[in-house]
Amino acid sequence: MADQNTPAADQEAQQPSFSLQRTYIKDLSIEMPNAPQIFLEQEAPSVEVSINVGGQRLADTVYESTVTATVTTRIGDKVMYLVEATQAGIFEAANIPEEQLEPLLGIVCPTMLYPYLRAAVADAINRTSLPALHLTEVNFQSLYEQRLAQQAAPADGQPLQA
């Protein structure tokens, strides 16, 4: 019987690996504080979108990554609707060099989760009977670089804007 601890088996065990294990909606809420009166408004709404990325280590090689979108639509000073959604995913990342792990969790994981978040937000807004809103694409590498620049500068407590 062959010994399983051959140099080839050891080398294969040390190969970097990365995989998405599960996606889920961690939080989803929609508010329409001025309904039904807001349905009578004729003015075009303004839309503000904020995107934030987060995450945490769950186990030695298991991580949770989150992408949160806050969509606030107003007509004048009245809120038409407010949608807050957090899409999460559990990722396994083994044998990844430390200098590559942070960009993987801050860029690649959110990029993989974002289509799920877009669908959840679009579905929630669709259920209001108001016109559809589809979130635009986000460059998570740019957001990651912004976050690094903010960490290097004095913190002002503002969320990253997309």
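You'll find the structure just up there.
Reference entry: report on the structure contained in this document. (Residues numbered from 1 in each chain as written. Predicted model: local features only at pLDDT ≥ 70, side-chain atom pairs only at ≥ 80, totals over all residues. Heavy atoms only, no water.)

As for the side chain of threonine 128
Point 1. Within the fold, threonine 128 resides in the loop between α2 (98-126) and α3 (140-152).
Point 2. Looking at threonine 128, its side chain comes within polar contact range of the main-chain oxygen of isoleucine 125, at 2.6 Å.
Point 3. Non-local contacts of threonine 128, meaning those with residues more than four positions away in its chain, are made with Ile30, Met32 and Phe39. (Helix = DSSP H or I, 4+ residues; strand = E, 2+ residues; numbered from the N terminus. Polar contact = N/O pair within 3.5 Å; in protein donor to acceptor, adjacent residues only side chain to side chain. Contact = heavy atoms within 4.5 Å.)

Details of the pairing of strand β4 (residues 78-94)
Point 1. The element β4 is extensively covered by neighbouring structure, given that 13 of its 17 residues are classed as buried.
Point 2. Taken together, the 13 bridges between strand β1 (residues 17-31) and β4 define a ladder with antiparallel strand orientation. Within β4, the position partnered with phenylalanine 18 by the bridge is alanine 93.
Point 3. One ladder, built from 14 bridges, connects strand β3 (residues 62-75) with β4; its direction is antiparallel. Counted as the bridge partner of serine 65 is glycine 89 from β4. (Buried < 20%, exposed > 50% of the residue type's maximum accessible area, 1.4 Å probe, protein only. Pairing = 2+ DSSP bridges.)

Regarding the pattern of salt bridges
Point 1. Per the counting criterion, the structure on display carries four salt bridges.
Point 2. Between lysine 78 and glutamate 41 there is a salt bridge, and its shortest N-O distance comes to 3.2 Å. Residue lysine 78 is located in strand β4, and its partner glutamate 41 is located in the loop between β1 and β2 (46-57); the two are separated by 37 residues in the primary sequence.
Point 3. In this structure, arginine 118 and glutamate 137 form a salt bridge, with 2.5 Å as the shortest nitrogen-oxygen distance. With arginine 118 in helix α2 and glutamate 137 in the loop between α2 and α3, this residue pair connects regions lying 19 residues apart in the sequence.
Point 4. Taking relative accessible area as the criterion, arginine 118 reaches 25% and is therefore assigned partly exposed. (Salt bridge = Lys/Arg side-chain N within 4 Å of Asp/Glu carboxyl O.)

With respect to the environment of isoleucine 75
Point 1. You can see isoleucine 75 is positioned in strand β3.
Point 2. Its relative accessible area of 4% is what places isoleucine 75 among the buried residues.
Point 3. Sequence separation between isoleucine 75 and proline 45 is 30 residues, and the spatial gap between their C-alpha atoms is 4.6 Å.
Point 4. Not counting the four nearest positions on each side in its chain, isoleucine 75 is found in contact with Ile38, Glu41, Glu43, Pro45 and Met80.

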